[in-house]
Amino acid sequence: GLFDPFEEDGLALVAALQQVAAGRGYVSPALSRRLVDQRIDGVLAQRLTAAELQVLAVVGDGSDDAEAAARLGLSEGTVQTHRRNLMRKLEVPTSAKLVREAVRLGVVRITADGAVVRPGFEQMAAGWSARRTERKKTE
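Here the structure is a predicted model, which means the values were calculated and not measured.

## A word on the overall build of the protein chain
Consideration 1: Looking only at helices and strands, the protein chain features seven helices and two strands.
Consideration 2: Of the regular secondary structure in the protein chain, the N- to C-terminal order runs α-α-α-α-α-α-β-β-α.
Consideration 3: Classification of the 139 residues of the protein chain by burial places 32% in the buried group.
Consideration 4: Considering only residue pairs separated by 6 or more positions, the protein chain has 53% of its internal contacts joining residues 24 or more positions apart.
Consideration 5: Total accessible area computed for the protein chain in this model is approximately 8700 Å², and 55% of it derives from carbon and sulfur atoms.

Shown next, in the form of structure tokens:
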């Protein structure tokens, strides 16, 4: 079993030990979430470019191409191209299903009060922006 003592109390430890003693496995919910997040991040990083991930994080909340383009500092045509590539790579036929896939993969999270959370988006956007600035300097 895998137990996270920082996230679970003594009662959870007893329950985990009972499960393992009964021959069943146990993975702490907090560790399970982290493992799933890492697996999804790894899969996405292998299948999608950095630009596609950034576009997915923005269109994943339902933003249209114009809104995403304004937020990302890209042209609408570039966002459309990325959206089309995302839909092909993630095997979703519509923009609505692309939003659902972004939520399912954890790229976008919607809180109970309706706020949109994009885990890691600001860090990813900062890196992308820095690379774009460097390219412009060398041109």
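## Quick word on the side chain of Ser63
Consideration 1: Topologically, Ser63 is positioned in the loop between α3 (50-59) and α4 (65-72).
Consideration 2: Within the structure, Ser63 has its side chain in polar contact with the side chain of Asp61 (distance 2.6 Å).
Consideration 3: Residues contacting Ser63, with those up to four places away along its chain left out, are Val58, Ala68 and Arg83.

## Observations concerning the packing of α3 against α4
Consideration 1: Running from N to C, α3 and α4 cross one another at 120°; their axes reach a closest spacing of 10 Å. Looking at the two axes, α3 sits oblique to α4. For the pair α3 and α4, the sense of crossing is right-handed. Taking contact as the criterion, the partners of Gln54, Val55, Val58 and Val59 in α3 are, on α4, Ala68, Arg71 and Leu72.
Consideration 2: When its residues are assigned to classes, the contact of α3 with α4 shows five nonpolar, one polar and one charged.

## Section: the side chain of Glu101
Consideration 1: Note on placement: Glu101 falls in helix α6 (residues 95-104).
Consideration 2: For Glu101, the side chain forms a polar contact with the side chain of Arg104, separated by 2.8 Å.
Consideration 3: Once you skip the residues sitting within four places of it in the chain, Glu101 turns out to touch Leu90 and Val92.

## Quick word on the confidence of the model for the protein chain
Consideration 1: On average, residues of the protein chain score 79 in pLDDT, and 73% of them are at 70 or above.
Consideration 2: The least confident element of the protein chain is helix α2 (residues 29-47), whose mean pLDDT is 59; the most confident is helix α5 (residues 76-89), at 95.

About the criteria used
- Residues numbered from 1 in each chain as written.
- Predicted model: local features only at pLDDT ≥ 70, side-chain atom pairs only at ≥ 80, totals over all residues.
- Heavy atoms only, no water.
- Helix = DSSP H or I, 4+ residues; strand = E, 2+ residues; numbered from the N terminus.
- Buried < 20%, exposed > 50% of the residue type's maximum accessible area, 1.4 Å probe, protein only.
- Contact = heavy atoms within 4.5 Å.
- Areas by Shrake-Rupley, 256 points an atom, 1.4 Å probe, with all protein chains shown as cover.
- Polar contact = N/O pair within 3.5 Å; in protein donor to acceptor, adjacent residues only side chain to side chain.
- Axes fitted to C-alpha atoms, helices over the stretch in contact; angles between N-to-C directions.
- Parallel < 35°, antiparallel > 145°, perpendicular 65-115°, else oblique.
- Left-handed = near helix turned anticlockwise from the far one by under 90°.
- Nonpolar A, V, L, I, M, F, W, Y, C, P; charged D, E, K, R; others polar.
- pLDDT = per-residue confidence, 0-100.

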